[in-house]
Amino acid sequence: MEKSFLEQLERERARFPVLRNTAYLETAGTGLIPDYVYEGVKKYQDDRYLIGGDSRWGEGKGTLAMIAEAKENLAKMINASPEDLAFGNNSSQMFNLFVNGIGLKSGDNVVLAEGGWIGTRYAWQLQENYGVELRYVKPIKGVVTPQMLFEKCDSCTKAVSVNYVESTTGFRVDAAEIGAWCRRKGIWFAVDGVQALGILSVDVERDQIDFLVGNDYKWMMHYSGLGYAYIHPKLREHLHHWGAGWMSDVDRFNTSKEHLVLRRDAGAYEQGYPTVSGIFALGMVAEHYLNLGGKRLENYMLDFVEKACEALEKIPGVSVWNKYERKNRSTIVVVLLSKELQVDQEKLDKARVAAHVQDGALYGADRSMRISFHYYNNWEDVKALCQAIQGCRE
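Residues numbered from 1 in each chain as written. Predicted model: local features only at pLDDT ≥ 70, side-chain atom pairs only at ≥ 80, totals over all residues. Heavy atoms only, no water.

Participant: Help me understand the overall build of the chain, please; the structure alone is not making it clear to me.
Facilitator: Counting its secondary structure elements, the chain contains 12 helices and 13 strands. Its C-alpha atoms give the chain a radius of gyration of 22 Å, near enough to 21 Å, the size a compact globule of 394 residues would have. If you line up the chain on its principal axes, its C-alpha atoms span 75 × 55 × 35 Å. When the accessible surface of the chain is split by element, carbon and sulfur atoms take 50% of a total near 17,600 Å². (Helix = DSSP H or I, 4+ residues; strand = E, 2+ residues; numbered from the N terminus. Rg over C-alpha atoms; globule rule 2.2 N^0.38 Å. Areas by Shrake-Rupley, 256 points an atom, 1.4 Å probe, with all protein chains shown as cover.)

Dropping the structure here:
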């Protein structure tokens, strides 16, 4: 990897105060906050508190102009158009927009993975009350192949729903193959991208995704309280509205209008005043991601994770559970710990390593850790983790 890129990553790392004294390896749970997000949100809060009225963003931009700019950055991040993006309170709310909007009826079915993230599973499970059948694919050591999903589909299948990266296994689906097949069959392809957006290359055109959701507080490094969705133009022609507000109208802020005229872009699914500081932050995070170069960053991170796994497995009693093919890897690593290793939370905390020790039954082991690496991590963090584990044996 070229020296200039590594220097760029180190400059990004310097933006996270937590990393000055902690090896932080829990982004899959909650990401760190960079200085530009902290300062941007603080300015908004200070303006509202000390001055009043609407905050000005960047070079004197008003709120609607700032939202449009944030959508441009997010759209570039996933190879979409800004008109295809909508904001909401969180990814679960946005995913329910799809679940409740595609017109499911009794006798229809949806195909999804068994044991996937509860937010999407629960959204689908509520539809069982109305006669919708959920067809689960059972992963094999975390693996869900496209063929496993296709075999569950038939003429009554209305959607295939996957997590781009599964949070408990780190498995990354073959989205492009699934999306192409669903497009040919006329089946909606819905993707939860929470564990991928901001660190892996997600391309809605390449992967032929109809509906994609993301959130703010993991890899997108904001506090919390914001979700966003990509909605394919063809899907918008079919997706029912479950409500409307002034943000849904073509002429926002026009209080003299008598009747609603829905926007033709995905903004039609936005109802009221959004979490504007979060939108500002997401726009900045997306811009930093774009400056790092999405595909270049992904390749670097996958190489980094592979080397980290090799270092961990040199420790007696440590093994990596999710060693998938490169195309199915993410930056989430499941580490198994033998009984001989006396690793516990207190020892990790004392070593200033932010990682969570948990029961390993899900992976057929005594104990485990789910480690997640973001681009703000470097080799010093890996060394700190290895030393902490080795110290538990002594």
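Having seen it, we continue.
Participant: Would you mind showing me how to read the sheet that holds strand 10 (residues 332-337) here?
Facilitator: Consider a sheet: its strands pair through backbone hydrogen bonds, and that pairing is either parallel or antiparallel. Across the sheet, 4 strands lie side by side as 9-10-13-12; this open sheet has antiparallel pairing. Each end of this open sheet is capped by a strand with a single partner; those strands are strand 9 (318-320) and strand 12 (357-359). When the angles between neighbouring strand axes are averaged without regard to direction, this sheet yields 35 degrees. Pairing between strand 9 and strand 10: 3 bridges, direction antiparallel. Following the sheet pairing, S319 is matched in strand 10 by L336. (Pairing = 2+ DSSP bridges. Axes fitted to C-alpha atoms, helices over the stretch in contact; angles between N-to-C directions.)

Participant: Looking at this structure, I do not really get the packing of aromatic side chains. What am I missing?
Facilitator: What characterises a pair of aromatic rings is the spacing of the ring centres plus the angle enclosed by the ring planes. All chains considered together, the criterion is met by 16 aromatic pairs. With centroids separated by 6.0 Å and ring planes inclined at 90 degrees, the aromatic side chains of F98 and W124 adopt a geometry described as edge-to-face. Highlighted residues: F98 in helix 4 (residues 91-99) and W124 in helix 5 (residues 118-125), separated in sequence by 26 residues. Residue classification places W124 among the buried positions, given a relative accessible area of 0%. When the ring of F98 is compared with that of F211, the centres are 5.1 Å apart and the planes differ by 25 degrees; the resulting orientation is stacked. Taken together, the residues F98 in helix 4 and F211 in strand 7 (residues 211-215) connect sequence positions 113 residues apart. Judged by its relative accessible area of 0%, F98 falls in the buried class. (Phe/Tyr/Trp six-rings, centres within 6.5 Å; stacked < 30°, edge-to-face > 60°. Buried < 20%, exposed > 50% of the residue type's maximum accessible area, 1.4 Å probe, protein only.)

Participant: What is the right way to read helix 10 (residues 294-312) from this model?
Facilitator: Taking 1.5 Å of rise per residue, the 19 residues of helix 10 would be expected to cover 27 Å, and the 27 Å separating its terminal C-alpha atoms lies within 8% of that figure. Looking at helix 10, one finds that the buried residues are G294, L297, E298, Y300, M301, L302, F304, V305, A308, C309, A311 and L312. (Expected span 1.5 Å × (residues − 1).)

Participant: Would you mind showing me how to read the pattern of salt bridges here?
Facilitator: Should their charged atoms come close, side chains of opposite charge can pair. All chains considered together, the criterion is met by 27 salt bridges. In this structure, D35 and R15 form a salt bridge, with 3.1 Å as the shortest nitrogen-oxygen distance. Linking D35 in helix 2 (residues 35-51) with R15 in the loop between helix 1 (3-13) and strand 1 (23-24), this pair joins segments that are 20 residues apart in sequence. Assessed through its relative accessible area of 27%, R15 is described here as partly exposed. R329 is the partner of E306 in a salt bridge, and the nearest nitrogen-oxygen pair spans 3.5 Å. Of the two residues, E306 sits in helix 10 while R329 sits in the loop between strand 9 and strand 10, which places them 23 residues apart along the sequence. Classification of R329 as partly exposed rests on a relative accessible area of 24%. Through salt bridges that share partners, E12, R15 and D35 make up one connected network. (Salt bridge = Lys/Arg side-chain N within 4 Å of Asp/Glu carboxyl O.)

Participant: Please clarify how the sheet that holds strand 5 (residues 157-163) should be interpreted in this entry.
Facilitator: Read across the sheet, 7 strands follow the order 2-8-7-6-5-3-4 without closing on themselves; strand pairing throughout is mixed. In the strand order of this sheet, the two ends are held by strand 2 (85-88) and strand 4 (133-137), each with one partner. For this sheet, the mean angle separating the axes of adjacent strands, direction not counted, is 20 degrees. Pairing of strand 2 with strand 8 (residues 227-231), which is carried by 4 bridges, proceeds in the antiparallel orientation. Bridge pairing links G88 to G227 in strand 8. Those strands touched by helix 4 are strand 2, strand 5, strand 6 (188-192), strand 7 and strand 8, and its axis lies near 165 degrees from that of strand 7. Lying on the sheet, helix 7 (residues 175-185) is in contact with strand 5 and strand 6; it crosses strand 6 at an angle near 155 degrees. (Contact = heavy atoms within 4.5 Å.)

Participant: Looking at this model, I keep getting lost on helix 4. Mind explaining?
Facilitator: Of all the 9 residues making up helix 4, 7 are buried; the element is thus mostly covered by neighbouring parts of the structure. Restricting attention to buried positions, one finds in helix 4 the residues S91, M94, F95, N96, L97, F98 and V99. The residue sitting at the N-terminus of helix 4 and contributing the capping side-chain oxygen is N90; that oxygen lies 3.3 Å from the backbone nitrogen of S92. (Polar contact = N/O pair within 3.5 Å; in protein donor to acceptor, adjacent residues only side chain to side chain.)

Participant: What is the right way to look at the pairing of strand 8 in this model?
Facilitator: For a regular strand, side chains alternate in direction, first toward one face of the sheet and then toward the other. Of all the 5 residues making up strand 8, 5 are buried; the element is thus mostly covered by neighbouring parts of the structure. With burial as the criterion, each face of strand 8 is covered, one bearing G227, A229 and I231 and the other bearing Y228 and Y230. Bridge count for strand 7 against strand 8 is 5 bridges, and the pairing is antiparallel. Its bridge partner being in strand 8, V213 is matched across the sheet by A229.

Participant: Where do I start with the environment of V18 in this structure?
Facilitator: Its location among the elements puts V18 in the loop between helix 1 and strand 1. Counting along the chain gives 90 residues from V18 to D108, while the straight-line C-alpha distance between them is 48 Å. Contact partners of V18, with chain neighbours within four places excluded, come to Y24 and L32.

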